[in-house]
Amino acid sequence: MELTLDTPLDLHLHLREQEMLSLVAPFSAAQFAGGVIMPNLVQPVDNLERLRAYRKEILAACGDLPFTPYMTLFFRRYSRNELLEARDEIIGVKLYPAGITTQSEGGVRDFDRIGDTIALLEELDIPLLVHGETNGFVMDREHEFLPVYQWLAETFPRLRIVMEHITTAEAVALLDRFDHLAATVTLHHLMITLDDVAGGLLQPDLFCKPIAKTPRDREALRRAVFSGHPRLFFGSDSAPHPRHKKECCGCAAGIFSAPVALPMLAQLFEENDCLERLDGFISVNGRNFYRITPLPRQVALERIPWQVPEQFETVRSFLSGKTLSWRLKNQPETTGNH
């Protein structure tokens, strides 16, 4: 059995830099027509010169694979002229609360002082992408951030806002209150709960931010995604770290899911009797919300069991060692180490 997907997109993707970029970019480019690239690098992507250089590096890392990087700028106070100049080269501006996740120290510390920049984004019709967590108790961080989303939605009614990698039932409910709110959902948050991370022996490869939540939250995400909610779309939040940053004191947050993204999504949607809705989740919904027309690309999967390698050079994949029902058709030989 084969499954052909129409122009799949990963609308939340970390590709890192240098050697890590060269290693991980081909996994996404082999499966997706494009991806929304996160700007939280060691030197944040917060100006047009930096953005253009990073886009060039991504395209070089993808080689001959037809992949479009949809670039974002790291949120700061921008002038109108800066945003006007960048508007045609970005898909949005990404807001991080300061220190909330990897390399976000330069993020927002005072939300009372961002209104002028947000108003410019609304005026220029540039979407705002938000990592929506506070610095509170780790299980409550997304819940505590919901009033900020509500403030943004009510104060800027023409601003397209993406709630990134939502994990809670309350976030799903908020989505339905405002038509200009959308959200990305990751593969791993559709699959795991906190019990998988820390219920037995600690699993560093499942540690991510926002942290996996409760079975109730996972079920709310699944219901919304598998029913075909039109403003939910796939963003892997694939975030690779080398082994020495995962298996250590102070384990880095992030799950590297790029190698298994489409095959495991196909398996999940098939298991839940909604395979016909997969195209909406990975392509149509995001294209509609962002108002983009990617270069057409057909990506084929085949229903042939595939064992995920234990490791790809210095990085371990989500579901390593597991056997999946689907695989990429004509899947290239991996460099995985078993």
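Look up a bit, the structure's there.
A quick note: this is a predicted structure, and the numbers were derived from the prediction, not measured. (Residues numbered from 1 in each chain as written. Predicted model: local features only at pLDDT ≥ 70, side-chain atom pairs only at ≥ 80, totals over all residues. Heavy atoms only, no water.)

Tallying secondary structure elements over the protein gives twelve helices and 15 strands in all. Taken against the 2.2 N^0.38 rule, which gives 20 Å for 338 residues, the C-alpha radius of gyration of the protein at 19 Å falls within 12% of a compact globule. Overall, the protein is about 50 × 40 × 40 Å in size when its C-alpha atoms are taken along their principal axes. Counting contacts in the protein only where the partners sit at least 6 residues apart, residues at least 24 apart contribute 72% of the total. A total accessible area of about 14100 Å² is found for the protein, and carbon and sulfur atoms account for 49% of it. The centroid of the 35 positive side-chain charges in the protein is displaced by 1 Å from the centroid of its 45 negative side-chain charges. (Helix = DSSP H or I, 4+ residues; strand = E, 2+ residues; numbered from the N terminus. Rg over C-alpha atoms; globule rule 2.2 N^0.38 Å. Contact = heavy atoms within 4.5 Å. Areas by Shrake-Rupley, 256 points an atom, 1.4 Å probe, with all protein chains shown as cover. Lys, Arg positive; Asp, Glu negative; His and termini not counted. Charge placed at Lys NZ, Arg CZ, Asp CG, Glu CD.)

The antiparallel open sheet is built from three strands, whose spatial order is β1-β10-β14. Strands at the two margins of the open sheet, each flanked by one partner only, are β1 (2–6) and β14 (327–328). As paired strands, β1 and strand β10 (residues 298–302) are joined by five bridges and run antiparallel to one another. By the bridge assignment, Asp-6 is partnered in β10 with Gln-298. Against the sheet, helix α11 (residues 261–271) contacts β1, β10 and β14, and its axis sits at roughly 65 degrees relative to β10. (Pairing = 2+ DSSP bridges. Axes fitted to C-alpha atoms, helices over the stretch in contact; angles between N-to-C directions.)

One open sheet holds the eight strands; their spatial order is β2-β3-β4-β5-β6-β7-β8-β9, and the pairing between them is parallel. The two strands at the open ends of the sheet, each matched to only one other strand, are β2 (9–13) and β9 (232–234). Neighbour-to-neighbour, the strand axes of the sheet open up by a mean angle of 25 degrees, direction not taken into account. For β2 and strand β3 (residues 34–37), the ladder comprises three bridges, and the chain directions are parallel. When the bridges of β3 are listed, Leu-13 appears paired with Ile-37.

The next point concerns the side chain of Thr-7. Among the secondary structure elements, Thr-7 is positioned in the loop between β1 and β2. Within the structure, the side chain of Thr-7 is placed 2.9 Å from the side chain of Asp-6, a separation counted as a polar contact. (Polar contact = N/O pair within 3.5 Å; in protein donor to acceptor, adjacent residues only side chain to side chain.)

Nothing here speaks to function; it is all geometry.
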